[in-house]
Amino acid sequence: MKHQTLSALAFTLMATICVAKSPYQSVLQHSRIRGRQQGPNVCAMQMIRGTNKKYFTNCKQWYHRKVCGKPTTIAYECCPGYEKIPGEKGCPAALPLVNIFNTLGVVGATTTQMYTDRAKLREEVEGPGSFTFFAPSNEAWAALPMEILDALVSNVNIELLNALHYHMVNRRLTSEELRHGSSFTSMYQDFDVHIHHYPSGIVTVNCARLIKTDQHATNGIVHVVDRVITAISNNVHSFLDTDEDLETLRTAIAAAGLTTMLESDGQYTVFAPTNEAFEKIPPETLNRILGDPVALKDLLNYHILKHMQCAESVVSGMPLETLQGTVLEVGCEGDEMTLNGKAIITKKDQLGTNGVVHYINELLIPDSAKTLIELAEGSSVKTAVKMFVDAGLSSHLSGSEALTLLAPQDEAFKGSLSMTAEMRKTLRNHIVKSQLSSRALYHGQELDTLGGLKLRVFVYRNNLCIENACIAAHDKTGRFATMFTMDKVLTPPMGTIMDVLKADDRFSILVGAIQTAGMTELMNQQGALTVFAPTNNAFNHIPKPEFNRLMRNPHELSSVLKYHMGIGMLVSGGVGSHTRVAPLQGDKLELGTRNYTVYVNKVPVLEADLMATNGVVHAVDAIIKPLPPKLDREQADGPAPQRISSRRS
């Protein structure tokens, strides 16, 4: 009963959060719940250690105990609109409802209150009306550059008054009405202030974060903000057009035909590479992109988000979609805003009427603007790329051919990597003569390579494989070509199953057994078989009398061999948990993997994926036998129990 009561209480609390009207109200409600043990109207906030920055947070942030990667402590404060009473728990008293001027003092915005008085604005905010005042905190005023502050306070009747009027709207706006993407006419020459209300519960005005919200007054409402805001009159493109540090970007935008878009209405975020950022790119790469309208447009659109993202809205890493169609990981580390994990943003929150600009000192090149060799840089296929270059295939990796590179990851290369004629031939068969997407591959598809071979595609429930190698990472789709990262070096087939067995001395007894059983034609004919091929060692473990009897009985021998031959093509990468294969004769074979080894009916595969034109061969060191009927299926992917048997002499 007690458990049911607690569950009901938890459900009620969560339901209360869910019906909150806005993201800000959601995090406020969560903070109330976290602070309720401290008394009525107490909110729990996360404060970044070593700073005064505090946040209402959601459940995820609460349990992580971090904001922008920095540890936080819990601070308990009166929720907006309440205050403490000496001797009583929590914050039981509502703040006195006074005019806006006095409310500025109540909420601690005393510098704004002082400047309001000096600018002769006091009478207005004490008098009748219904105003919203976005009041800079004391710290916000202190953070202003001295020359700007001096210019304001030296001309209080005009400059300071105008600045304060820009922080005011001639109507009462609660946090509920501060909707994402909305704009409101300020009391300074009808310039708009721009509101953004993010899913994290953070609300900004002109990218200044509201740090004390919904402080009601008799003649309006006060929201304390963390910076002094300035009037915005130009769009994003006009802003880019006037900064000489963005000259290269400006030229590129014009060449790509993006000027009109950045002049139009919208809510863009532009990560603007400086001239220095462009200069860091190798000239041949930069000139290639600048001379290719498609690549250039992709490059620039990769620097533009579909939505406006102020720096203060970012409290942890989050993927955000760009106009190019892929995502950037926008995050933060302390006071630094980051892109894809790098602190490359040098100037934040440069506002335009249709968006915000953040300066970056490193150019972001999307995969869609890269050649194959550029796609491979910084990835797990460095060894393969060096091999392709050494094999004289550089022109294919840096050219404009429509290709797909099947690049084995570094771990796939073992032993000597000397460049031989055979290795050159192998590498040419890792380049497919068309640009593919792994999503469009289908089972049984054949891919033509530069080396003249046709590679087969195998689609499994848990993997997508080309011959013996499986795709180990997401596609990297470049300007003209695509790269698939493969888990192995491809070993295309050079003959039938019988050819494979005859070419390997380990299978000489098996070859003889196949011939004795009259199955040679089966091993050579077209089809798709998976052969678990017993080695000579496997046959040598059969007692000699039993082996001789078996070899004299072609029918029984055929039955034993057919139990080792599965219907269909199954490479090792297609084996998952409890995979079953139907043999040519007998009950289904049970396959599984453990510690990177494939097991079939508890027998480990000694060597996998010997590819043939009509199937695949997996070497096993024991004769495979049916599992006992009652054996737990989960046991099929482990080693077989040890058995003592006499060795055939």
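Thresholds applied
- Residues numbered from 1 in each chain as written.
- Predicted model: local features only at pLDDT ≥ 70, side-chain atom pairs only at ≥ 80, totals over all residues.
- Heavy atoms only, no water.
- Helix = DSSP H or I, 4+ residues; strand = E, 2+ residues; numbered from the N terminus.
- Rg over C-alpha atoms; globule rule 2.2 N^0.38 Å.
- Contact = heavy atoms within 4.5 Å.
- Areas by Shrake-Rupley, 256 points an atom, 1.4 Å probe, with all protein chains shown as cover.
- Lys, Arg positive; Asp, Glu negative; His and termini not counted.
- Charge placed at Lys NZ, Arg CZ, Asp CG, Glu CD.
- Polar contact = N/O pair within 3.5 Å; in protein donor to acceptor, adjacent residues only side chain to side chain.
- Salt bridge = Lys/Arg side-chain N within 4 Å of Asp/Glu carboxyl O.
- Buried < 20%, exposed > 50% of the residue type's maximum accessible area, 1.4 Å probe, protein only.
- Disulfide = S-S within 2.5 Å.
- 1 Å grid on protein atoms, 1.4 Å probe; cavity = no way out; pocket = protein on both sides within 12 Å on 5 of 7 lines; lining within 4 Å.
- Points joined across faces, edges and corners; volume = space filled by probe spheres on them.
- Phe/Tyr/Trp six-rings, centres within 6.5 Å; stacked < 30°, edge-to-face > 60°.
- Lys NZ or Arg CZ within 6 Å of the ring centre and 35° of its normal.
- Pairing = 2+ DSSP bridges.
- pLDDT = per-residue confidence, 0-100.
- Axes fitted to C-alpha atoms, helices over the stretch in contact; angles between N-to-C directions.
- Parallel < 35°, antiparallel > 145°, perpendicular 65-115°, else oblique.
- Nonpolar A, V, L, I, M, F, W, Y, C, P; charged D, E, K, R; others polar.
- Left-handed = near helix turned anticlockwise from the far one by under 90°.

Regarding its fold elements, the chain presents 25 helices and 35 strands. The globule rule puts the C-alpha radius of gyration for 649 residues at 26 Å, and the 35 Å found for the chain is more than 25% above it. Considered along the principal axes of its C-alpha atoms, the chain spans approximately 115 × 75 × 35 Å. Pairs at least 24 apart in sequence give 63% of the contacts found in the chain among residues at least 6 apart. About 30700 Å² of surface is accessible on the chain, with carbon and sulfur atoms providing 52% of the total. A distance of 11 Å separates the average location of the 62 positive side-chain charges in the chain from that of its 64 negative side-chain charges.

Below, the discussion takes up the side chain of Asn41. Looking at where Asn41 falls in the secondary structure, it is placed in the loop between helix H2 (23-35) and strand S1 (42-48). In this structure the side chain of Asn41 is engaged in a polar contact, spanning 3.0 Å, whose partner is the backbone oxygen of Cys91. If we skip the residues at most four places from it in the chain, Asn41 touches Arg32, Glu77, Cys78, Cys79, Tyr82, Cys91 and Pro92.

It is worth spelling out the pattern of salt bridges at this point. For the structure shown, the criterion picks out 25 salt bridges. Arg209 serves as the salt-bridge partner of Glu312, at 3.4 Å between the closest nitrogen and oxygen. On the criterion of sequence distance, the pair formed by Glu312 in the loop between strand S15 (304-305) and strand S16 (318-321) and Arg209 in strand S12 (residues 208-217) is long-range, its members being 103 residues apart. There is no split in this pair, since Glu312 and Arg209 are both buried. Residue Arg250 is joined to Asp241 by a salt bridge in which the shortest nitrogen-to-oxygen separation is 3.6 Å. Judged by relative accessible area, which is 15%, Arg250 ranks as buried. Note on Asp241: relative accessible area 41%, which makes it partly exposed. Here the residues in one salt-bridge network are Lys53, Arg209 and Glu312, joined through shared partners.

Under the defined criterion, the tally for this structure stands at five disulfides. Paired through a disulfide, Cys43 and Cys79 show a sulfur-sulfur distance of 2.0 Å. Taking the sign of the S-S torsion, about 110° here, the bridge from Cys43 to Cys79 comes out right-handed. Of this pair, Cys43 sits in strand S1 while Cys79 sits in the loop between strand S4 (70-78) and strand S5 (82-83), and the two are 36 residues apart along the sequence. Residue classification places Cys43 among the buried positions, given a relative accessible area of 1%. Across the disulfide, Cys207 is cross-linked to Cys310 (sulfur-sulfur distance 2.0 Å). Between Cys207 and Cys310, the disulfide has an S-S torsion of -70° and is therefore left-handed. Of this pair, Cys207 sits in the loop between strand S11 (203-205) and S12 while Cys310 sits in the loop between S15 and S16, and the two are 103 residues apart along the sequence. By relative accessible area, Cys310 is classed as buried at 0%.

This part is about empty space enclosed by the protein. On inspection of all chains with the given rule, the structure shows five cavities of 30 Å³ or more. In this structure, the largest cavity occupies an estimated 140 Å³ of space. Lining the largest cavity are 14 residues, with Tyr24, Phe56, Gly201, Arg209 and Leu210 positioned closest to its centre. When residues of the lining of the largest cavity are assigned to their parent elements, the largest contribution, five residues, is made by S12.

With that out of the way, let us pick up the packing of aromatic side chains. What the rule picks out here adds up to six aromatic pairs. Ring centres 6.2 Å apart and planes at 70° place the aromatic pair Phe539 and Phe547 in the edge-to-face group. Neither residue differs from the other here; Phe539 and Phe547 are each classed as buried. When the ring centre of Tyr55 is taken as origin, the NZ or CZ atom of Arg209, which lies over that ring, is 4.0 Å away. Note that Lys347 overlies the ring of Tyr359, its terminal NZ or CZ placed 4.4 Å from the centroid.

This brings us to helix H21 (residues 508-516). A turn of α-helix holds 3.6 residues, and therefore any two residues three or four places apart point the same way. Turning to H21, its buried residues number three or more, namely Ile509, Leu510, Val511, Ala513 and Ile514. On its buried face, H21 is in contact with helix H20 (497-502), helix H22 (520-524), strand S29 (529-534), helix H23 (536-540), helix H24 (544-551) and helix H25 (554-562). Where H21 terminates, the next one or two residues include Gly518, which has phi positive at roughly 70°.

Attention now moves to the sheet that holds strand S24 (residues 454-459). If you trace the four strands from one edge of the open sheet to the other, you get S23-S24-S25-S26, paired in antiparallel fashion. Bordering the open sheet on either side are strand S23 (446-448) and strand S26 (469-470), each of which pairs with just one other strand. With two bridges joining them, strand S25 (residues 464-466) and S26 adopt antiparallel strand pairing. Bridging from a neighbouring strand, Cys465 pairs with Cys470 of S26.

A separate point is the confidence of the model for the chain. Looking at the chain as a whole, the pLDDT averages 91, with 94% of positions reaching at least 70. Confidence drops under pLDDT 50 across residues 1-19; counting only partners more than four residues distant or on other chains, this segment forms seven contacts. Counted against residues more than four places away or in other chains, residues 632-649, with its pLDDT under 50, gives 36 contacts.

What follows covers the packing of H24 against H25. Relative to each other, H24 and H25 sit at 105°, their axes nearing to 6 Å. Compared by their axis directions, H24 and H25 come out roughly perpendicular. Residue-level inspection shows Arg549, Leu550 and Met551 of H24 in contact with H25, the latter providing Glu556, Leu557 and Val560. In terms of residue class, the contact of H24 with H25 is built from four nonpolar, no polar and two charged.

Turning our attention to the packing of helix H5 (residues 110-118) against helix H9 (residues 156-166). Their axes nearest at 9 Å, the elements H5 and H9 cross at an angle of 135°. The angle between the axes of H5 and H9 places the two elements in the oblique class. The two elements H5 and H9 cross, and the hand of that crossing is left-handed. Touching Thr112, Tyr115, Thr116 and Arg118 of H5 are Val156, Leu160 and Leu164, all from H9.

Taking burial as the measure, the six residues of strand S10 (residues 192-197) include five buried ones, the bulk of the element. Hairpin connection from strand S9 (residues 183-185) to S10: six residues lie between these consecutive antiparallel strands, with Gln189 at a positive phi of about 50°. In this sheet, S11 lies alongside S10 in antiparallel orientation, the contact comprising three bridges. Bridge pairing in S11 links Ile195 to Val205.

This part takes up the sheet that holds strand S28 (residues 482-486). Here four strands make up an open sheet; going across it, the order is S22-S21-S28-S27 and the pairing mixed. Each end of this open sheet is capped by a strand with a single partner; those strands are strand S22 (431-432) and strand S27 (476-477).

Taken together, the four bridges between S16 and strand S17 (residues 327-333) define a ladder with antiparallel strand orientation. Note on S17: the bridge partner recorded for Glu321 is Val327.

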